[in-house]
Amino acid sequence: MFVQPSLVTLALVLSVTASPVAEGLGTRIPFQKRNGFTTDDGWFDHNLAVKQVVRDVNKHRNNLINLERNEGRLWFNEGAHIRPVANYSEMHSSDNAHEKRQKEPLVNEGGDQYWAGNIQIGTPGKTFFIDFDTGSSDLWVPSNNCTTNCNGKDKYNPSSSSTSSRKSGTFSIQYGDGSKVSGPVFTDTVSVAGITVKNQYFSSVNTLSAMFGNEALDGILGMAFPSLSNLRQSPFFNSAKSQGAVKNGVFAFKLAKSGSELYLGGTDTSLYTGSIEYHGVTGSGFWQIANAKLSLGSKSVQSNFQTIIDSGTTIIYGPPSQVANFYKSIPGSKVYDSKNGFYSFPCNSVPSNVAFSWGGKQWTISAANFNFGRVTSTLCIGAIAGQDLGLGSNTWLLGDSFMKNVYSVFSFDQNAVGFATLK
């Protein structure tokens, strides 16, 4: 981690500056869209959304376990705590109204639950289809020895790579279906769009959670700070910077219905206008920025809270009481699923003026990105959910439903997150 707790105050004064990074010097990685929560006919897939909540709760549970082990609890946000493992069977509602749409097969391939691209591991390189996740720090892919939930996955075979090296230790993450993603640790050559890192630590997992088994994804490449690493090693992009594979310790996302990309080593000036509004990272191992404000039009609904920017989920999460207060400002809204924190609102008045800000510009969420789909002919589900992820009593997590509205920049060089206006 690049920011010590003693530097939190210093980081706060970095906000709202023009971008000083060398722009246009990096490498583009086009993204493919994955399944979302909205079916082609506009309905909310509650079953899939609950699975995402369970995965997010357990991902950040694992992050906090790693953070405590690597840095100690002094790095925790106020009110942060390690939650018990969330279980899908406990989080899933058996209410018949919720079950109605779950029984229909999910056919939508045009949603935005994940944003993924290809990487290569080994010599010669083998291609894997990977989720790039700013909310975690490790790289893992299925092993050739994987027999649990690995059908159809690309698999890593160390004997097929001349640069593979087995390391001591194991990698393990627990998920809410009672299973784990776990396996041995290796180093090998890893390439992403021509950016090559030698001796990169990763896990070739022998067991894969059922939550991943049904997806097209092969694995995950974490892009958060080293403090969250279960492997206790440098994540891929940090290794790329230290080895000189990229000049600038900056990467950026455009997430949209078309033309989505991850840009490594700078920013892609063809995708945004104006300057980048930067805000200093406030520690904790996450891409976390402080002094946030949530507005509904001209009304400030919540202010002075922490925000974590996480490309690994679609949902925007806030503390349950703060989210409840937010939905009080939306006429006709009500709790739809109290266990998972989802709220409904009238479909004929989808909010188009929900915005987050950090002392500068207001970054508005479009009506399309705020709406997860219908649950009745008149009620729709909002992208903001009230859920205690364990990250802190005044901490929000902003997933892709926010990121799709902005050009998002992550700078290790400045320890900052930046936003710019999409073209």
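It should be emphasised that the depicted structure is a prediction, and the values quoted were computed from it without experimental measurement. (Residues numbered from 1 in each chain as written. Predicted model: local features only at pLDDT ≥ 70, side-chain atom pairs only at ≥ 80, totals over all residues. Heavy atoms only, no water.)

It is not clear to me how the overall build of the protein should be interpreted in this structure. Could you clarify?
Secondary structure assignment for the protein yields 9 helices and 25 strands. Sorting the 423 residues of the protein into buried and exposed places 60% on the buried side. Considering only contacts in the protein between residues 6 or more positions apart, those separated by 24 or more positions represent 73%. Split by element, the accessible area of the protein, about 15500 Å² in all, is 48% carbon and sulfur. (Helix = DSSP H or I, 4+ residues; strand = E, 2+ residues; numbered from the N terminus. Buried < 20%, exposed > 50% of the residue type's maximum accessible area, 1.4 Å probe, protein only. Contact = heavy atoms within 4.5 Å. Areas by Shrake-Rupley, 256 points an atom, 1.4 Å probe, with all protein chains shown as cover.)

When you look at the state of the cysteines in this model, what are you seeing that I'm missing?
Enumeration according to the criterion identifies 2 disulfides in this entry. A sulfur-sulfur separation of 1.7 Å characterises the disulfide bridge that pairs cysteine 146 with cysteine 150. On the sign convention where negative is left-handed, the bridge of cysteine 146 and cysteine 150, at about 50° about the S-S bond, is right-handed. Take cysteine 146 and cysteine 150: they sit in the same class, and that class is buried. Sulfur-sulfur distance for the disulfide between cysteine 347 and cysteine 380 comes to 2.1 Å. Judged by the sign of its S-S torsion, about 110°, the cystine formed by cysteine 347 and cysteine 380 is right-handed. (Disulfide = S-S within 2.5 Å.)

Please explain the packing of aromatic side chains as it appears in this structure.
For any pair of aromatic rings, geometry is given as the distance between the ring centres together with the angle between the planes. Evaluation of the coordinates by the stated rule reveals 33 aromatic pairs. The interplanar angle of 50° and the centroid separation of 6.3 Å between the aromatic rings of phenylalanine 251 and phenylalanine 412 together place this pair among those described as tilted. With a gap of 161 residues between them, phenylalanine 251 in strand E10 (residues 250-254) and phenylalanine 412 in the loop between strand E24 (407-411) and strand E25 (416-422) connect regions that are remote in the sequence. Across the pair, phenylalanine 412 and phenylalanine 251 agree in class, each one buried. (Phe/Tyr/Trp six-rings, centres within 6.5 Å; stacked < 30°, edge-to-face > 60°.)

Could you clarify how one ought to interpret the pattern of salt bridges in this entry?
All chains considered together, the criterion is met by 6 salt bridges. The salt bridge involving glutamate 68 is made with arginine 73; its shortest N-O contact spans 2.7 Å. With a closest N to O distance of 2.8 Å, lysine 241 and aspartate 413 form a salt bridge. Within this pair, whereas lysine 241 is found in helix H6 (residues 236-242), its partner aspartate 413 is found in the loop between E24 and E25, the two being separated by 172 residues in sequence. Linked by salt bridges that have partners in common, Arg28, Glu261 and Asp268 make up one network. (Salt bridge = Lys/Arg side-chain N within 4 Å of Asp/Glu carboxyl O.)

Help me understand the environment of threonine 170 in this model?
Mapping threonine 170 onto the fold places it in strand E6 (residues 165-174). Under the relative-accessibility criterion, threonine 170 is labelled exposed at 60%. Sequence-wise, threonine 170 and valine 185 are 15 residues apart; in three dimensions their C-alpha atoms are separated by 5.6 Å. Setting aside residues up to four positions removed in sequence, threonine 170 forms contacts with Gly183, Val185 and Asn230.

What am I meant to see in empty space enclosed by the protein here?
If a probe the size of a water molecule is rolled over the atoms, the empty space left behind becomes visible. On inspection of all chains with the given rule, the structure shows 5 cavities of 30 Å³ or more. Roughly 120 Å³ of volume is contained in the largest cavity. Around the largest cavity, the lining is made up of 15 residues, and of these Lys59, Asn63, Ser136, Ser137 and Ile173 lie nearest the centre. Counting only elements with at least two residues in the lining of the largest cavity, the list comes to helix H2 (46-70) and E6. With 4 residues, the single largest contributor to the lining of the largest cavity is H2. Of the residues in the lining of the largest cavity, the class split is 6 nonpolar, 6 polar and 3 charged. The volume enclosed by the second largest cavity comes to roughly 70 Å³. Of all elements in the fold, only H2 and strand E4 (126-133) reach the threshold of two or more residues within the lining of the second largest cavity. Sort the elements by how many residues they give to the lining of the second largest cavity and H2 lands first, with 3 residues. In the lining of the second largest cavity, the residues fall into 4 nonpolar, 1 polar and 5 charged. (1 Å grid on protein atoms, 1.4 Å probe; cavity = no way out; pocket = protein on both sides within 12 Å on 5 of 7 lines; lining within 4 Å. Points joined across faces, edges and corners; volume = space filled by probe spheres on them. Nonpolar A, V, L, I, M, F, W, Y, C, P; charged D, E, K, R; others polar.)

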